Amino acid sequence: MATDSELGQQLPIHAQSVEEVVAGGQDGLSATVAAERLAAHGPNALPAAEPETALRRFLRQFHDPMIYVLLVAAVFTGVLGQVFDTIVIVAVVLINALVGFIQEGRAADALESIRGMLRLEAKVRRDGAWTVIPAEDIVPGDLVRLAAGDRIPADLRIIDATNMRIEESALTGESVPSEKGPEAVARDAALGDRSSMAYAGTTAVSGSARGIVTGTGIDTEIGRITEMLADVESMETPLTRSMTKFSKMLAVLAVGMAIAMALIAGLVHHYPLAELVMASISFAVAAIPEGLPAVLTITLALGVQRMANRNAITRRMGSVETLGSVTTICSDKTGTLTRNEMTVRTVVTPADTYLVTGTGYDPGDGDVTHQDGTPATLAHHHDLFAIAEVAERANDATVQQRDDHWAVAGDPTDGGVRTFALKAGASGSDQNRLAVVPFDSAHKYMATLDRHVNNSGDLVIHLKGAPDRLLDRCDRQGTGLNETEPLDRERWEEEMHRLGGQGLRVLAAAARKAEPGTTTLELADVDAGGFVFLGLYGIIDPPRQEATDAIATVHNAGIDVKMITGDHADTARAIASEMGIGDRVITGAELERATDEELRQIVRDHDIYARTSPEHKLRLVTALQANGHVVAMTGDGVNDAPSLKKSDVGVAMGIKGTEATKDAADVVLADDNFASIAAAVEMGRTIYDNLKKAIVFMLPTNGGQGLVILAAMVVGMSPLPITPLQVLWINLITAITLCLALAFEPPEPGIMNRPPRDPRESLLNAEAILRISYVSVLVGGLAIGAFLISQSQGLGAAESRTITVNTLIVGQIFYLLAARFSRARSLRKELFTTNPIAWICIGLMILLQLAFVHLPFMQVAFGTTHVGLTDWAVPLLAGVLVFGVVELDKAIRRAIEARATG
């Protein structure tokens, strides 16, 4: 292997010959040398942007027009000598800044954990063995292996390659992938012409190669041009951007209305200037939802983290909003809808048919039985013994327990056949093997030369593979090596067709004696024929039970599921039918012949697409979108990237997916499981619901406070129902309690029983605007009503105002309880058993309000006074009325929806 000095010779590495580059050997680095070089060169990572300090993040919370309004208000109150008012306004600003600071910290933590989940890995040779390591641990001189779909982890000098083509547009701007090979190029070759090099950040689109690392981190080409590669976008989405803009617009509107209010009240009712200024400041503070952007950020951050906890890693935050609108999910079959654990389900011998129960590679999960369910043992069934012996001998796969599950080492189909042999009672040993003809796609069988298990010294050739190839080499059938019954080829072809019609993959078993003294086995020995046909294995990749349940869930949610697979039509139909997707199948050849217009009709009529290519996937997505669908598309291969980019939500497989596919995707499934897609859709709907709940809750609570001051000043009420300082108090405690509660809401009951949301629908639709309007008027009107009732009972201004503030606080608490469920009835068990954060926030707000009413220093500061239990009756009645009106609104809407769908 080349040393550091050799890699840094004067001749550029791309111009050096392979012999020069690998002068030190081609067996990779030792762990010791790699550790030394890692210490010398540092991690293989581009310099990250200087992280924002905690102080800078805190100060940034003040960079907002709404906060500017509050700070100007604090200056005015200070100039007017209202020192305590100034302190309270500053406290409102500081608390909101602190809330935003904490929430952004949580969002940053969520993003950082997601970046860790998306960490790039690479295949390198260390200590004489190939291993997978984090890309940041790669060092100069490492030997790296590349395959189609891999992202190049560092700058490499290619030493051998087979059909290697690399997409380098991120580096060179060339849209066409570049051919790569080990031949040296000219010393002065341009970057895009260096065919002997593979550069960090580019993507292999085909072929395979090996290369020696020449540069890592800042020493790579992409490092030199200081291009930053981001794995995950910021926590900002179109929705949060539009709401931030909306909040700023509200701030301007609030200031304008405050000025108009002051002019009307001053000109018409002749309020003193100081009182006008304080009332205007209070109105602006009350009406501005200064905490809204921060609440939206934490709602999104928590939701994305929950998605990651359910194995759906969000790479592009905008996809979170789109997930709630998905109308069609196009899914691969193998490993996503199925377990990717080949399982023998049926064994057919010349004498009988056996059923094999259980799924996966656990030999203890299931048995071998007759069709009537009675156990079948090797001791009493020579035919079963013979076919199980072939499954055991002509097999290089092993199954073993790893932690809490069984896994296969080797070919999955062979693993399934091995598991059948173990279930039947075979030993699982191949110690009697003398020679082997490995499986090859050219001859489609595997053969082994073994000593017979009866210790007689007989030599036996065991043969397993494609049924047609084995039938060609058999002239007899039966249950042992000495059978003389002629082969009934027609019968076996009918059995193959029957099993294939059930969606089973079919393999065959055969055996014959070998000449005594034989020690080798060649293709010619097998092709000479003379075998006894022992039977067929019917194998299937069984559906995931959780995926089957998830399909039923998304169907209830009004979402279509399309299976798109490269497998045969019969297999695809059998799996799709078992999972409840449907039974209407069409093949890739038929898709190829269809025009775009015909394809639009095909996607309406069919749910299963077999023998398809990645190009077909792209056409199917286009056709579905042309029909008005919002499409989520899964993919794992490098050629799936175009269809993932074209879809509304691209979903990559985290286990079997290539780096190129993950780069193109919006969401990465950490477990390759369809159930995780369904969970992501549910969480996408939940996040959107919670964002909407937060907005629909905060705007009317601010609106109600502002309405009390606005109405009182415009009509000339004296004394005012609430003082400016009391308004600031309400804003202060609401910001640190109720405003945060809705970010933690779990999914609503029935969230996956409603149709997808129209993505063109505005967040503040007519329903939301109506609720914001009538709740604002209701809460503000009830507060004014409480003040007038108190005044009519002869209570003083301090008592009346205390009851008014209590009415606003209790009204907001009851509105929060109603707002926790957008459509569902709130009086349900889940109101008390879910989202404990909401109840903690309510409890904290009640404690603060009790202190506001009863603590002497608070009474002095805010002009309040002690009120008895009976004086809480009006606030409580007002809260119940708010709750009841919102619940009545939801009930009417549910009834209208039921009538429309019924």
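See the structure printed just above.
Reading the values: the criteria
Sequence order as written defines the numbering, with residues in each chain counted from 1. Whole-chain, interface and lining totals are the exception, using all residues; otherwise, since this is a predicted model, local features are given only for residues with pLDDT of at least 70 and side-chain atom pairs are given and counted only at 80 or more. Water and hydrogen atoms were dropped before computing side-chain values, which therefore reflect all heavy atoms in the structure. For helices the rule is a DSSP run of H or I covering at least 4 residues; for strands it is a run of E covering at least 2, with both sets numbered from the N terminus onward. Each residue is assigned to one of three classes by its accessible area relative to the maximum for its type, calculated with a 1.4 Å probe on protein chains only: buried under 20%, partly exposed between the two thresholds, exposed over 50%. It only takes one pair of heavy atoms within 4.5 Å for two residues to be counted as in contact. Residue burial considers only the protein chains on display, and all accessible areas are found by Shrake-Rupley using a 1.4 Å probe. Under this rule, positive means Lys or Arg and negative means Asp or Glu; His and the chain ends count for nothing. One atom stands in for each charge, and that atom is NZ of Lys, CZ of Arg, CG of Asp or CD of Glu. For patches, a residue must show more than 30% relative accessible area and have no salt bridge; joins then use 9 Å for like charges and 5 Å for nonpolar side chains, namely Val, Leu, Ile, Met, Phe, Trp and Tyr. The term salt bridge refers to a pairing of a side-chain nitrogen on Lys or Arg with a carboxyl oxygen on Asp or Glu at a separation within 4 Å. In short, DSSP must find at least two bridges between two strands for them to pair. Definition of a polar contact: a pair of N or O atoms within 3.5 Å, with one able to donate and the other able to accept a hydrogen when the atoms are protein atoms, and with sequence-neighbouring residues admitted only if both atoms are side-chain atoms. Orientation is described by axes fitted as lines to C-alpha atoms, over the contacting stretch for helices, and by angles from 0 to 180 degrees between their N-to-C directions. Each angle receives one of four descriptions, namely roughly parallel if under 35 degrees, roughly antiparallel if over 145, roughly perpendicular if within 65 to 115, and oblique otherwise. Take the far helix as your reference; a near helix turned counterclockwise from it by less than a right angle gives a left-handed crossing, and one turned clockwise gives a right-handed crossing. All amino acids are sorted into three groups, where Ala, Val, Leu, Ile, Met, Phe, Trp, Tyr, Cys and Pro are nonpolar, Asp, Glu, Lys and Arg are charged, and the leftover types, Gly among them, are polar.

### Section: the overall build of the protein chain
Next up, step 1: The helix and strand inventory of the protein chain stands at 33 helices and 26 strands.
Next up, step 2: Dimensions of the protein chain, computed from C-alpha atoms along their principal axes, come out at roughly 120 × 75 × 55 Å.
Next up, step 3: In the protein chain, which comprises 902 residues, the proportion classed as buried is 54%.
Next up, step 4: Considering only residue pairs separated by 6 or more positions, the protein chain has 72% of its internal contacts joining residues 24 or more positions apart.
Next up, step 5: Approximately 37,000 Å² of the protein chain is accessible, and the part contributed by carbon and sulfur atoms is 57%.
Next up, step 6: Counting 77 positive and 107 negative side-chain charges, the protein chain places the centres of these two groups 5 Å from one another.

### Things to note about a nonpolar patch on the surface
Next up, step 1: Together, Ile259, Leu263, Ile264, Leu267, Val268, Val714 and Val715 make up a nonpolar patch on the protein surface, roughly 650 Å² of accessible area in all.
Next up, step 2: Per-element tally for the nonpolar patch: the top contributor is helix α9 (residues 238-269), with 5 residues.

### Focus on the pairing of strand β19 (residues 505-513)
Next up, step 1: When you tally the buried positions in β19, you get 7 out of 9 residues, the bulk of the element.
Next up, step 2: Of the pairings in the sheet, the one linking strand β17 (residues 459-465) to β19 comprises 6 bridges and is antiparallel in character. Pairing of Leu463 across the sheet is with Ala510, part of β19.
Next up, step 3: Note: β19 against strand β20 (residues 531-540), 7 bridges, orientation antiparallel. The residue bridging Ala510 from the neighbouring strand is Phe533, located in β20.

### Regarding the side chain of Asp672
Next up, step 1: Examined against the element boundaries, Asp672 turns out to sit in the loop between β26 (667-669) and α25 (674-715).
Next up, step 2: On the basis of relative accessible area, Asp672 is assigned to the buried category, the value being 5%.
Next up, step 3: At a separation of 2.9 Å, a polar atom in the side chain of Asp672 contacts the main-chain amide nitrogen of Gly654.
Next up, step 4: Ignoring anything within four residues of it in the chain, the contact list for Asp672 reads Gly335, Thr336, Arg544, Met653, Gly654, Ile655 and Lys656.

### Focus: the packing of α25 against helix α29 (residues 797-819)
Next up, step 1: Relative to each other, α25 and α29 sit at 160 degrees, their axes nearing to 10 Å. The angle between α25 and α29 falls in the class roughly antiparallel. The handedness of the crossing between α25 and α29 comes out as right-handed. Between α25, through Lys693, Val696, Phe697, Pro700, Thr701, Gly704, Gln705 and Val708, and α29, the contact on the second element is made entirely by Leu808, Gln812, Tyr815, Leu816 and Ala819.
Next up, step 2: Residue composition of the contact of α25 with α29, grouped by class: 8 nonpolar, 4 polar and 1 charged.

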